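# Results of the structural survey
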Amino acid sequence: MISFYPGPSKVYPQVADYAVEAVHQGIVSLNHRSAGFMDIVKETVRLLHEKLDIPADYHVALVSSATECWEIVAQSLTAACSLHPYNGAFGKKWAEYAYKIKPPTNLSEADVLCIVQNETANGTQVNMETLAQFRHDFSALIAVDAVSSMAGITLDWSLADVWFASVQKCFGLPAGLAVLIYSPAALKRAEEIGENSHYNSLLFIHENFSKFQTPYTPNGLGIYLLMRVLQQMPPIATVDATTKKRAIDWYTFVEQEMNASPCTLLNNDLAVRSDTVIAVQGLEKEISIIKKAAQQSGIMLGNGYGDWKNTTFRIANFPAITEEEIGTLKQFLRSF
Ligand SMILES: *Cc1c(COP(=O)(O)O)cnc(C)c1O
């Protein structure tokens, strides 16, 4: 089955070998305070900086999920409350989780702006020009959920203080691990707020990662797989060029070559179209037929999500997907 699901998504085929390696070499049995394990964490953090071109002064930590990052931002980096301009299901969920921890009593005192860079639910994105505008207009911290774009496109790290992504989307890895990136300003803010009453308080995480350790027994296998996948990954500028070219091709394809089908693109505004998740809409019945037929041809399309659950399907445009697989899906859609 070829998977175009936008998360959990296709993993790099090499992950199977890396997992065998991790077991055979005893990596999964290493004590997480041992030198051997700390070396893996250190190398993973170094590779993230190198391959994703993260500024040297931005810190990197590894946690369990993007959902955990939503809570870390609320508990450790938000003094009053956070602002959540959103247009889809993931942005809405983030706001709901954050407001359970820091109720939005006075939004005019909001001290964190929370942006979902790529809304996986409907295939829209906040491009770097728009993010630059937010940076210009908002003087406090900016936190960005880049779950379905990090490691797929170039991000301008300087435009926000916190960035995070779980690895089951563009990183092409199994779920259960997330990358949390934070600027010196974010760390300073965490120190001013001084919140340190949780196992995943940012200050406690930071203290542990300064020694390449983690507050709790981490997903050692996931960290090792991340390190191995980063080793094989080209620099982000190269990945970015491929992703953007494939995205343009996908949008052109849906507009010009799916004439026989009644499907259209969900987003007509070029400025907000996602590079990594292509959302195609149609009538509920048609969408259901296409998804089933695809399944029978060995192709897994992404279901719609949230408000667009039954009237869209989604195509992941993630780096682990090959040209050949894209060709197979195009062939199927053309003939449909
Ligand atoms: C998948 C996704 C999440 C949730 O990630 P988890 O690892 O399940 O916590 C959050 N935000 C966006 C934009 C996503 O696509």
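Cut-offs applied
- The numbers attached to residues start from 1 for each chain and follow its sequence in the written order.
- Local features in this predicted model are restricted to residues of pLDDT 70 or higher, and side-chain atom pairs are both shown and tallied only at a pLDDT of 80 or more, whereas totals for entire chains, interfaces and linings draw on every residue.
- Side-chain metrics in this entry use all non-hydrogen atoms of the structure; hydrogen atoms and water are not considered.
- Segments assigned H or I by DSSP are reported as helices when at least four residues long, segments assigned E as strands when at least two residues long, and all are numbered from the N terminus.
- For the radius of gyration, the atom set is restricted to C-alpha positions; the globular benchmark scales as 2.2 Å times the number of residues to the power 0.38.
- Partly exposed describes any residue whose relative accessible area lies between the buried limit of under 20% and the exposed limit of over 50%, with all areas from a 1.4 Å probe on protein chains only and scaled to the type maximum.
- Contacts between residues were defined by any pair of non-hydrogen atoms, one from each residue, lying within 4.5 Å.
- Accessible areas in this description were obtained via Shrake-Rupley with a 1.4 Å probe; residue shielding takes into account the shown protein chains only.
- Residues scored as positive are Lys and Arg, those scored as negative are Asp and Glu, and His as well as the terminal groups of each chain are ignored.
- We put the charge of a Lys on NZ, of an Arg on CZ, of an Asp on CG and of a Glu on CD.
- Strand pairing is assigned whenever DSSP detects at least two bridges linking the two strands.
- For helices, the fitted axis covers only the stretch in contact; all axes are lines through C-alpha atoms, and the angles between them, taken along N-to-C directions, range from 0 to 180 degrees.
- To count toward a patch, a residue needs a relative accessible area over 30% and no salt bridge; like charges are then connected within 9 Å, while nonpolar side chains (Val, Leu, Ile, Met, Phe, Trp, Tyr) are connected within 5 Å.
- Salt bridge, as applied in this entry: a Lys or Arg side-chain nitrogen positioned within 4 Å of an Asp or Glu carboxyl oxygen.
- Given a helix with a known number of residues, its expected span is that number minus one, times 1.5 Å.
- Any residue with a non-hydrogen atom lying within 4 Å of a molecule or strand is treated as near it.
- What qualifies as a polar contact is a pair of N or O atoms within 3.5 Å, subject to a donor-acceptor requirement within protein and to the restriction that residues adjacent in sequence count only when both atoms come from side chains.
- Any residue outside Ala, Val, Leu, Ile, Met, Phe, Trp, Tyr, Cys, Pro, Asp, Glu, Lys and Arg is labelled polar, Gly included; the first ten of those are nonpolar and the last four are charged.
- Residue ranges assigned to each domain were obtained from an automatic or database domain assignment.
- Definition of nonpolar core: a set of buried residues of the types Ala, Val, Leu, Ile, Met, Phe, Trp, Tyr and Cys, connected through side-chain atoms within 4.5 Å.

### A word on the overall build of the protein chain
Per the secondary structure count, the protein chain includes eleven helices and 14 strands. For 336 residues, the compact-globule estimate of 2.2 N^0.38 gives 20 Å, and the C-alpha radius of gyration of the protein chain, at 20 Å, lies within 12% of that figure. In terms of principal-axis extent, the alpha carbons of the protein chain reach across some 60 × 55 × 30 Å. Every one of the 336 residues in the protein chain was classed for burial, and the buried ones make up 55%. In the protein chain, the share of contacts with a sequence separation of at least 24, taken over all contacts with a separation of at least 6, comes to 72%. Just so you have it, the protein chain exposes about 14,100 Å², and 55% of that area is on carbon and sulfur atoms. Taken together, the 26 basic and 34 acidic charged side chains of the protein chain have centroids lying 5 Å from each other.

### Description of the sheet that holds strand β3 (residues 82–83)
One open sheet holds the six strands; their spatial order is β2-β9-β8-β7-β4-β3, and the pairing between them is mixed. Each of the sheet's edge strands pairs with one partner strand only, and the pair in question is β2 (59–63) and β3. Sheet contacts for helix α2 (residues 35–52): β2 and β9 (178–182); angle to β2, the most-contacted strand, approximately 125 degrees. Contacting β3, β4 (112–116), β7 (141–145) and β8 (162–166), helix α4 (residues 89–101) crosses the sheet at an angle of about 150 degrees to β4.

### Remarks on a nonpolar patch on the surface
Where nonpolar side chains cluster on the molecular surface, the patch consists of Val23, Val28 and Leu221 and spans about 220 Å² of accessible area. Among the secondary structure elements, Val23 is positioned in helix α1 (residues 14–24). Owing to a relative accessible area of 52%, Val23 belongs among the exposed residues under this scheme.

### Examining unusual backbone geometry
With an omega of -10 degrees, the peptide bond between Gly7 and Pro8 qualifies as cis. Within the secondary structure layout, Pro8 lies in the loop between β1 (2–3) and α1. Positive phi outside glycine occurs at Ala151, with the angle close to 80 degrees.

### Topic: helix α11 (residues 323–335)
Compared with an ideal rise of 1.5 Å per residue, which puts 13 residues at 18 Å, α11 spans 18 Å between its outermost C-alpha atoms and is within 8% of the ideal. The elements touched by buried residues of α11 are β1, α9 (236–257), α10 (284–296), β12 (299–300) and β14 (312–316).

### A word on the site of the ligand
The environment of the ligand is formed by 13 residues, the closest being Thr67, Thr120, Asp145, Ser166 and Lys169. With respect to the ligand, the side chain of Ser166 contributes an N or O atom lying 2.8 Å from an oxygen atom. The leading source of residues in the shell around the ligand is helix α3 (residues 66–76), at three residues. Considered class by class, the residues forming the shell around the ligand number five nonpolar, six polar and two charged.

### Quick notes on the environment of Arg334
Examined against the element boundaries, Arg334 turns out to sit in helix α11. Linking Arg334 and Glu257, residues 77 residues apart in sequence, is a C-alpha distance of 6.3 Å.

### Let's talk about the domain arrangement of the protein chain
Many structure descriptions define interface size as the accessible area lost when the parts assemble. Segmentation of the protein chain into domains returns domain 1 (2–8 + 235–334) and domain 2 (14–232). For domain 1 versus domain 2, the distance between C-alpha centres works out to 27 Å. Contact residues are listed per partner, giving 28 residues for domain 1 and 26 residues for domain 2. Our enumeration of links across domain 1 and domain 2 arrives at zero salt bridges. Taken together, the connections running from domain 1 to domain 2 amount to 15 residue pairs in polar contact (both at pLDDT 80 or more). Looking at the side of domain 1 that touches domain 2, the elements that each hand over two or more residues are α9 and β11 (277–281). It is α9 that provides the largest number of residues to the side of domain 1 that touches domain 2, a total of seven residues. Considered class by class, the residues forming the side of domain 1 that touches domain 2 number 17 nonpolar, six polar and five charged.

### Some remarks on the nonpolar core
Generally speaking, nonpolar side chains in soluble globular proteins are found buried as a group. If you look at the biggest cluster of nonpolar residues, it comprises 112 residues, and the most contacted ones within it are Met150, Trp163 and Phe171. For this core, the two domains that each supply at least three residues are domain 1 (2–8 + 235–334) and domain 2 (14–232). In contact with Trp163, other than residues within four places in its own chain, are Tyr58, Met128, Leu131, Val144, Ala146, Met150, Leu155, Asp156, Trp157, Val179, Leu180 and Ile181.

### Some thoughts on the pattern of salt bridges
Scanning the entire structure with this criterion turns up 14 salt bridges. With its nearest N and O atoms 3.1 Å apart, the salt bridge here joins Lys10 to Glu325. Remark: Glu325 occurs in helix α11 and Lys10 occurs in the loop between β1 and α1; sequence separation between them is 315 residues. Take Lys10 and Glu325: they sit in the same class, and that class is buried. Within this structure, Asp111, Lys188, Arg189 and Glu192 form a network of salt bridges that share partners.

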